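Examination of the molecular architecture
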Amino acid sequence: GIPSVALWADRHLGGEGVWVPCCGEVQLRALLKAKGVGIARSISVVPGVRATFLSYSMGINSDKQPRFFNASSDLRNLEDVLPHDNYCCESVIISPSSIEDYSEEDAVFVYEEEDFRGAATPFAEGDYRKLNLTKIGSVRVPAGFKITIQVGNRPVRDEWADDPITLRRDTHKFPVEDTSPADSKPPAPPEGIQSISVRKIQLDNMHGLWVYFEPDFRGRPQFLDS
C-alpha cells in the first residue's frame, strides 16, 4: 500500500520516522522498535486518510487503560493528546476518509458563512497548515473539543503577529462564542487564516457544565467552563 501515516521519534515531525501504508490495522510496537523508535512523539497523516490509534500505558501508578484517538492530519506533539503515562502506540487502523465520515459530534465544522451556512469543512483532531479557507463565518465545536485558529499576515520570527483565536464552543458569528456575555465587546474580524489545530480536551482538564438543549440529556451538548 501507499505510505499514509508516519510516526516520528521527536516532536514536530522530527527524528527517525516510520511510515505505515494504507489500509487496515497494523501492530506498531514491534514495528517501531525494529526502526529504533521506542515511543512516537508526533504523527503525520496524509490528506484523504483517517487513522485511529491505540495508545498503551507503562506507568507504575497508571490505571493501565489504553486510549483511542483519531487523526486526519499531523499531530505535532502527542503530549497535547495523550494523558500522563500513555504512550504511542500499540496499533493503528488506517482507512480512506471523506467529509461524509465526520459528524458534528466528533469533528469541528468550519463554515464560510455566518449562522452555519455555506460550504463546511470538517477538522478532526490534528494540526492543519495547508488550508484552502479564505474566510470563516461560523464554527461548530463539539463539547469537549477546542479549535485554535492562527491568523495574521505578518510573520515575526517565524511566528504570526496576531494572537491565535481559541474556541471551545459554537460561534454562529465568528469569532464571538455564542455563550459570550451580551455586553462584551466583539473582537475585530481576523484576517489571514494561517493554521488550524483541533484537540480533544482531556477529561482531567474539563471543569464545568455539560449543557443539553433538549429534555432528558438529549440533543447536541455544549461544554461551559467553570
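Everything below is about the structure printed above this text.
What this report covers is the structure whose coordinates are included nearby. Please read these numbers as outputs of a predicted model, since none were measured by experiment.

Analysis parameters
Residues numbered from 1 in each chain as written. Predicted model: local features only at pLDDT ≥ 70, side-chain atom pairs only at ≥ 80, totals over all residues. Heavy atoms only, no water. Salt bridge = Lys/Arg side-chain N within 4 Å of Asp/Glu carboxyl O. Helix = DSSP H or I, 4+ residues; strand = E, 2+ residues; numbered from the N terminus. Buried < 20%, exposed > 50% of the residue type's maximum accessible area, 1.4 Å probe, protein only. Pairing = 2+ DSSP bridges. Axes fitted to C-alpha atoms, helices over the stretch in contact; angles between N-to-C directions.

Per the stated rule, a full pass over the model turns up eight salt bridges. In this structure, R11 and E79 form a salt bridge, with 2.5 Å as the shortest nitrogen-oxygen distance. On the criterion of sequence distance, the pair formed by R11 in the loop between strand 1 (3-10) and strand 2 (14-21) and E79 in the loop between strand 6 (68-71) and strand 7 (86-96) is long-range, its members being 68 residues apart. Taking relative accessible area as the criterion, E79 reaches 54% and is therefore assigned exposed. Salt-bridge contacts for R199 lead to D127; the nearest nitrogen and oxygen are separated by 3.0 Å. In this pair, R199 sits in strand 16 (residues 193-200) while D127 sits in strand 10 (residues 126-128), placing the two residues 72 residues apart along the sequence.

The strand order across the open sheet formed by three strands is 9-8-11, and the pairing between neighbours is antiparallel. The two strands at the open ends of the sheet, each matched to only one other strand, are strand 9 (117-123) and strand 11 (138-140). Taking the axes of each pair of neighbouring strands and ignoring which way they run, one obtains an average angle of 25 degrees across the sheet. With three bridges joining them, strand 8 (residues 108-113) and strand 11 adopt antiparallel strand pairing. If you follow V110 over to strand 11, its bridge partner there is V139.

The amide bond that connects C22 to the next residue, C23, takes the cis arrangement and shows omega of 10 degrees. With respect to the helices and strands, C23 occurs in the loop between strand 2 and strand 3 (24-27). Note that the residue after C88, namely C89, is joined by a cis bond; omega there is -5 degrees. The backbone of F116 shows a phi angle near 60 degrees, a positive value even though the residue is not glycine. One can find F116 in the loop between strand 8 and strand 9. Despite not being glycine, F217 has its phi angle at roughly 55 degrees, a positive value. Tracing the sequence through the fold places F217 in the loop between strand 17 (208-211) and strand 18 (222-225).

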